[in-house]
Amino acid sequence: MAKLASGRVTEKSSQLLDEFNASLMFDKKLYAEDIEGSIAHASMLANQGILTSDELTQIIDGMAEIKVEIENEKFVFDISDEDIHMAIEKRLTEIIGDTGKKLHTARSRNDQVALDFRMYVQKNSKNLEALTLKLIDTLLDIASSHDETMLPGMTHLQHAQPINFGYHMLAYVAMFQRDVQRFSDSFKRNNFSPIGCAALAGTPHNIDREFTAQKLGFDAPTVNCLDTVSDRDFALEILFNIATLMTHISRLSEELVIWSSSEFKFIALSDAYSTSSSIMPQKKNPDVPELLRGKSGRVYGNLIALLTVLKGLPLAYNKDMQEDKEGVFDSVQTADISLRILNEALATMSVNSANMESACQVGHLSATDLADYLAKECDIPFRDAYKITGAIVVQAEKLGVDLSEMSLEELKVADSRIGEDVLEYLNLRNSMNARNSQGGTSSKSTKVQIAYFKEWLENYEK
Ligand code: ARG
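Calculation criteria
- Residues numbered from 1 in each chain as written.
- Predicted model: local features only at pLDDT ≥ 70, side-chain atom pairs only at ≥ 80, totals over all residues.
- Heavy atoms only, no water.
- Near = heavy atom within 4 Å.
- Polar contact = N/O pair within 3.5 Å; in protein donor to acceptor, adjacent residues only side chain to side chain.
- Helix = DSSP H or I, 4+ residues; strand = E, 2+ residues; numbered from the N terminus.
- Nonpolar A, V, L, I, M, F, W, Y, C, P; charged D, E, K, R; others polar.
- Axes fitted to C-alpha atoms, helices over the stretch in contact; angles between N-to-C directions.
- Parallel < 35°, antiparallel > 145°, perpendicular 65-115°, else oblique.
- Left-handed = near helix turned anticlockwise from the far one by under 90°.
- Contact = heavy atoms within 4.5 Å.
- Buried < 20%, exposed > 50% of the residue type's maximum accessible area, 1.4 Å probe, protein only.
- Patch = residues over 30% accessible without salt bridge, like charges linked within 9 Å, V, L, I, M, F, W, Y side chains within 5 Å.
- Areas by Shrake-Rupley, 256 points an atom, 1.4 Å probe, with all protein chains shown as cover.
- Salt bridge = Lys/Arg side-chain N within 4 Å of Asp/Glu carboxyl O.
- Pairing = 2+ DSSP bridges.
- Phe/Tyr/Trp six-rings, centres within 6.5 Å; stacked < 30°, edge-to-face > 60°.
- Core = buried A, V, L, I, M, F, W, Y, C linked by side-chain atoms within 4.5 Å.
- Expected span 1.5 Å × (residues − 1).

Student: It is not clear to me how the site of the ligand should be interpreted in this structure. Could you clarify?
Tutor: In the neighbourhood of the ligand, the contacting residues comprise Ser-23, Asp-27, Asp-83, His-85, Arg-109, Asn-110, Val-113, Tyr-317, Gln-322 and Lys-325. Separating a nitrogen atom of the ligand from a side-chain N or O atom of Asp-83 is a distance of 2.8 Å. Note that an oxygen atom of the ligand is positioned 2.4 Å from one of the side-chain N or O atoms of Tyr-317. The leading source of residues in the shell around the ligand is helix H6 (residues 109-145), at three residues. By residue class, the composition of the shell around the ligand is two nonpolar, four polar and four charged.

Now the structure itself:
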């Protein structure tokens, strides 16, 4: 069959051009959106008296047949059709005859592709939002079981102050909460229908864009057609939202890798989510978090690629914009599988509370508490208290003990003002629980935060 749109260009295109120009092999992913959008458009045309109801029925039936063909792998994808929009329209005309040719009335591929792609992004934004909520739920479960489990809190990857594992998990909950909100905000901002904008300037046909917007689940039609066919902000937003999400996933993954090492042994990933080495029989490798960490690279690349494609484009549609899809498909698919596997890896990992707690005996985690004690109870200015504490830590190192294990006599050698009550301050659990300020790490404060996030999650309106 001849090309569907061979107006000005009459000579047969070269095979190489077809290969270079076509997006069919990747945009066929949009077949369901294309069919749904076309049916909505045709319904609107019928409603406006532009198509008869019989013509509309033919189009709807033809589209249903095409959908079945595609889903049963009976549909012949031919790159000389260029893209999924042309391929479906051509097939429709093969099936229902001349009525198929009326479908493109008051429409251009420019608003058609903007519609299909936006529908895809909106649907997947909702899906990723839901998967992120699930991940939060899993993290909250872990946090609830471990709000008393101490581990060394770190800065510069050096032991700093004792915190609890639940509190550490909640830091990720807070990040993923923002990710959920970003997906949701972007969804709302972009939930406007492009269809009916035609090529760039609207159409002289008497169309009803409110009708199609409503039928397709949008809040309203977009306002300016020139912007609409040029706009890919919705795609940039999902790419950015995924890039940020993957940054959070990557940081958590990095910790999972470290924590599962022999040096830490804070957690163990279940065998179902671990791999072995091809040569070293004893190995159990954390490939899942490593890959999750690594996959952030490609999603950043996809974001930068689309920003770069768009930055110099004049209005309105330019073929450069066909480069918008593969990166988005890739990022969406990457985020989808990443969220699912991370969720399962976390839900099945075991937490070695004993190792976490014994690691707290290293690194003088209650040094800040000693300085606070000297300032608070002995009326020593904090800067001096800090210095005295430093000297005591040096002494502890010499004795080969942790600060929390020093006796009152040993402490008094450094400063005679130190009283017996200091031992309360040096106790590691007391140290953690002393940080009871809002958002702090005490078990009490952690429980308050867990309750906050649980309530947020329960009342979250998807
Ligand atoms: N395959 C094209 C794309 O993905 C569809 C839009 C084509 N529009 C056009 N005027 N050539 O961007």
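Student: Mind showing me how you'd approach the packing of helix H14 (residues 367-377) against helix H15 (residues 382-399) here?
Tutor: Two quantities define a packed helix pair, namely the angle between the helix axes and the distance between the axes. At their nearest, the axes of H14 and H15 sit 8 Å apart, and the two run at 135° to each other. On the basis of their axis angle, the class for H14 and H15 is oblique. The two elements H14 and H15 meet at a crossing, and its hand is right-handed. For the pair H14 and H15, the contacting residues are Ala-367, Leu-370, Ala-371, Asp-372, Leu-374 and Ala-375 in the first and Phe-382, Ala-385, Tyr-386, Ile-388, Thr-389, Ile-392 and Val-393 in the second.

Student: Can you walk me through the side chain of His-364 in this structure?
Tutor: Tracing the sequence through the fold places His-364 in the loop between helix H13 (353-359) and H14. Judged by its relative accessible area of 9%, His-364 is buried.

Student: Honestly, a nonpolar patch on the surface in this entry has me stumped. Any pointers?
Tutor: On the surface, Leu-200, Leu-226 and Leu-315 cluster together to form a nonpolar patch covering roughly 270 Å² of accessible area. Of the residues examined, Leu-226 reaches a relative accessible area of 33% and is grouped as partly exposed.

Student: Explanation requested: the pairing of strand S2 (residues 158-164) in the structure shown.
Tutor: On any regular strand, side chains alternate: one points to one face of the sheet, the next to the other face. With six bridges joining them, strand S1 (residues 150-155) and S2 adopt antiparallel strand pairing. In the strand pairing of S2, Pro-152 is matched with Pro-162. What sits between S1 and S2 in their antiparallel hairpin is a turn of two residues, with His-156 showing a positive phi close to 55°.

Student: Can you help me understand the packing of aromatic side chains in this one?
Tutor: Each aromatic ring pair is characterised by the separation of its centres together with the angle its planes make. As enumerated under the stated definition, the model contains ten aromatic pairs in all. An angle of 90° between the planes, with centres 6.4 Å apart, marks the rings of Phe-117 and Phe-329 as edge-to-face. With Phe-117 in helix H6 and Phe-329 in helix H12 (residues 325-348), this residue pair connects regions lying 212 residues apart in the sequence. Taking the centre distance of 4.9 Å and the plane angle of 70° together, the rings of Tyr-120 and Phe-329 count as edge-to-face. Here the residue Tyr-120 occupies a position in helix H6, and Phe-329 occupies one in helix H12, the gap between them amounting to 209 residues. Accessibility classification places Tyr-120 together with Phe-329 in one group, the buried group.

Student: Just checking my understanding: could you explain the environment of Asn-352 for this structure?
Tutor: Within the element layout of this structure, Asn-352 appears in the loop between strand S6 (350-351) and H13. Setting aside residues up to four positions removed in sequence, Asn-352 forms contacts with Lys-265, Phe-266 and Ile-267.

Student: So what exactly am I meant to see when it comes to the nonpolar core here?
Tutor: Considering soluble globular proteins, one finds that nonpolar side chains tend to be buried as a cluster. In this structure, Phe-165, Phe-176, Ile-242, Trp-259, Ile-267, Val-328 and Leu-346 are the most contacted members of the largest nonpolar core, which totals 88 residues. In terms of residue count, helix H10 (residues 233-259) provides more of this core than any other element does, 14 residues in total. Ranked by size, the runner-up nonpolar core spans 20 residues in total, among them Leu-374, Leu-408, Ile-418 and Val-422.

Student: Looking at this structure, I do not really get the pattern of salt bridges. What am I missing?
Tutor: Pairs can form between side chains of opposite charge once their charged atoms are near each other. Counted according to the given criterion, the structure contains 24 salt bridges. Among the salt bridges present, the one from Arg-109 reaches Glu-82, with a minimum N-O distance of 3.1 Å. Taken together, the residues span a long stretch of sequence, with Arg-109 in helix H6 and Glu-82 in the loop between helix H4 (53-71) and helix H5 (84-96) at a distance of 27 residues. Assessed through its relative accessible area of 26%, Arg-109 is described here as partly exposed. A relative accessible area of 15% means that Glu-82 is categorised as buried. One salt-bridge network, in which partners are shared between bridges, spans Glu-82, Asp-83, Arg-109 and Lys-319.

Student: Would you explain helix H7 (residues 165-190) in this entry?
Tutor: Given 3.6 residues per helical turn, the α-helix brings residues three or four places apart onto the same face. Helix length check: H7, at 26 residues, gives a terminal C-alpha distance of 38 Å against a target of 38 Å (1.5 Å per residue), a fit within 8%. Its side-chain oxygen 3.0 Å from the backbone nitrogen of Gly-166, Asn-164 forms the N-cap of H7.

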